[in-house]
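# Structure assessment
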Amino acid sequence: MSKGTEGEAAGTAKQRVVVLGGGTAGWMTAAALVQHLPHACSVRLVESAEIGIVGVGEATLPHIRAFVEELGLDEAEFMSATHATFKLGIEFRDFGRIGDRYLHPFGSFGTEMNGVPFHHYWLRMREQGRGGDLFDYSIANRMAAANRFAPPSTDTNSMLSTYSYAYQFDATLFAPYLRDHAVARGAIRTEGKVIDVELDAESGDVVAIRLDDGERITGDLFVDCSGFRGLLIGQAPGTAGVDWSRWLPCDRAVAMPTVSPPGPIEPYTRATAMAAGWRWRIPLQHRVGNGYVYSSAHIADDAAADALVAAVEGEPMAEPRLLRFRAGRRKRSWVGNVVSIGLASGFLEPLESTSIYLAQGAITQMIALFPAGGRIADEDRDEFNRMVDLEYDRIRDFLILHYHATTRDDSSFWNHVRTMSVPDSLQEKMELFRAAGRISKYTQGLFLEPSWLAVYIGQGIVPGGWDQRADAMDPAGLASALDRLRGKVAAAVADMPDHEAFILRRNAAIEASS
Ligand SMILES: Cc1cc2nc3c(=O)[nH]c(=O)nc-3n(C[C@H](O)[C@H](O)[C@H](O)COP(=O)(O)OP(=O)(O)OC[C@H]3O[C@@H](n4cnc5c(N)ncnc54)[C@H](O)[C@@H]3O)c2cc1C
């Protein structure tokens, strides 16, 4: 890699980072780079209004809060600018069985006792017809059901610290919001369409990109955020996609916003199973985002659009918009001097709102492994690729579980996903849980124990046993402890403000102070 010419820091030339793409991934990357490495790099972002952005990623995971905080953004102001609402989890309807409903909450169930996860005690009580509904031990679940919201407590001894939250925002406003922030801190924005990529004949590194107006932009490190096109990463050998469509057959979506219906703004995303996939419903402050994610092998585009229009509640604000994709990831996301982030690196359908999280994780890794002095070490690249692969592989298994753990046999799609063979890694996890409620643990990446528990139980996988240590407690004492716990959860939630009222109060405070 050549040395940059702009700026000098501690005797090392700044690296010239060129970000291709101004969607959510591109502007998240640019904003993070100017925030964390202003001394180490200059950032130039190229985007094309003619091509546009995907702009339907509206539901996020709690990790995004750290990203927002690290950029120094004011949460209330950011939420107001992107018409955001709070998200306490995802409600799944009709997945395990038609008529079923459960929330995958951001937070834990009950409290660990004597070092044993709570659900083992619950399983023991359940066997005796006691203990109630597992989901009543989740604060986030009860909050969502009651449309309440209050930020979690920072006191880790408090029950009110056992849940978390994310945001649901207008994706078409998020990238421009970050753009203003990044540009104000030194990122350079160039409008133009890339029509050619110049490679070094020997190393295969990208030397420059050429725009339709003839401008040639050189750089040291290129971040490919060009979306599904993968314009730069696609030039590198050995980066073709790993295809997971045999397990995740949904390959299209129709999206359509609607006017908010009268009634409360729910602090959660809803996923409702449909004949050939599922439908999202994401309530924002000013409208509702909807979309039908489906398998084109099981339903035609027109029929999917009709099914979406028939299912939504409010007045449509636009025609249904078609999007195509395929489940999978690049074999390698960082090759030579090109790092791919966002849709250019891969895509897993939005059933658990993981795409922006994956972009955030890749940005964090890239910044942590940012090449010092311009030399990209093979080990650093390998570490980046290892981490990205790990994240994708784990999320893949979790998503497949939502389809496979079902008794539905009412359509060719559900018959297919119910009877398909699943990856060994998922099969092993399911068997482990079925035997005695054990959930394989890992310290890095999505998803943790409570998430797996929610989907297993929510979709009807009930273990045949439990951790034997849970038998050490006297049953009558355990039953009353569980009753008390459920009562405490309900009482804590009853004291919380209404979600919409909380947002309106904060908006009013912003207006009053501006
Ligand atoms: C149906 C659907 C629903 C989704 N829902 C969610 C969700 O709920 N939660 C979530 O986290 N994620 C979701 N996602 C994913 C989310 O939308 C993306 O991860 C996010 O928008 C990032 O996209 P991106 O920036 O990688 O690509 P894009 O938004 O496609 O941006 C690509 C950028 O590259 C530029 N570009 C491309 N080619 C050129 C060129 N030749 N010259 C110059 N510029 C170029 C474009 O102009 C654009 O600025 C969803 C995706 C889909 C398809």
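This text gives an overview of the structure that appears in the document. Quick caveat: nothing in here was measured; it's all calculated off a predicted structure.

Looking now at the packing of helix α9 (residues 378–404) against helix α10 (residues 412–419). Between α9 and α10, the least distance of the axes is 8 Å, while the angle of their chain directions is 120°. Looking at the two axes, α9 sits oblique to α10. In this structure, α9 crosses over α10, and the sense of that crossing is left-handed. Between α9, through His 402, Tyr 403 and His 404, and α10, the contact on the second element is made entirely by Phe 413, Trp 414, Val 417 and Arg 418. Classifying every residue of the contact of α9 with α10 gives four nonpolar, two polar and one charged.

Scanning the entire structure with this criterion turns up 31 salt bridges. Here Arg 506 makes a salt bridge to Glu 75, at a shortest N to O gap of 3.0 Å. Of this pair, Arg 506 sits in helix α14 (residues 499–513) while Glu 75 sits in helix α3 (residues 75–81); the two residues are 431 residues apart in sequence, bridging distant segments of the chain. Given the relative accessible area of 21%, Arg 506 is considered partly exposed.

This paragraph deals with the sheet that holds strand β9 (residues 188–191). Strand order in the open sheet formed by six strands is β9-β4-β3-β13-β22-β21, with mixed pairing between adjacent strands. A strand with exactly one partner marks an edge of an open sheet, and here the two such strands are β9 and β21 (334–335). Bridge count between strand β4 (residues 41–47) and β9: four bridges; the pairing is parallel. Paired with Glu 47 across the bridge in β9 is Glu 191.

Turning to the site of the ligand, a few remarks are in order. Surrounding the ligand, one finds 33 residues, the nearest of these being Gly 22, Ala 59, Val 194, Ser 355 and Ile 356. Ile 356 is positioned with one of its backbone polar atoms (N or O) 2.8 Å from an oxygen atom of the ligand. Expressed as a share of its isolated accessible area of 1000 Å², the protein-covered part of the ligand is 97%. The set of elements that each furnish at least two residues to the shell around the ligand consists of α1 (24–36) and α8 (355–368). Taken together, the residues of the shell around the ligand break down into 16 nonpolar, 13 polar and four charged.

Within the secondary structure, Ser 480 is located in helix α13 (residues 475–494). Considered as a pair, Ser 480 and Gly 131 are 349 residues apart in the sequence and their alpha carbons are 8.9 Å apart.

Reading the values: the criteria
Residues numbered from 1 in each chain as written. Predicted model: local features only at pLDDT ≥ 70, side-chain atom pairs only at ≥ 80, totals over all residues. Heavy atoms only, no water. Axes fitted to C-alpha atoms, helices over the stretch in contact; angles between N-to-C directions. Helix = DSSP H or I, 4+ residues; strand = E, 2+ residues; numbered from the N terminus. Parallel < 35°, antiparallel > 145°, perpendicular 65-115°, else oblique. Left-handed = near helix turned anticlockwise from the far one by under 90°. Contact = heavy atoms within 4.5 Å. Nonpolar A, V, L, I, M, F, W, Y, C, P; charged D, E, K, R; others polar. Salt bridge = Lys/Arg side-chain N within 4 Å of Asp/Glu carboxyl O. Buried < 20%, exposed > 50% of the residue type's maximum accessible area, 1.4 Å probe, protein only. Pairing = 2+ DSSP bridges. Near = heavy atom within 4 Å. Polar contact = N/O pair within 3.5 Å; in protein donor to acceptor, adjacent residues only side chain to side chain. Areas by Shrake-Rupley, 256 points an atom, 1.4 Å probe, with all protein chains shown as cover.

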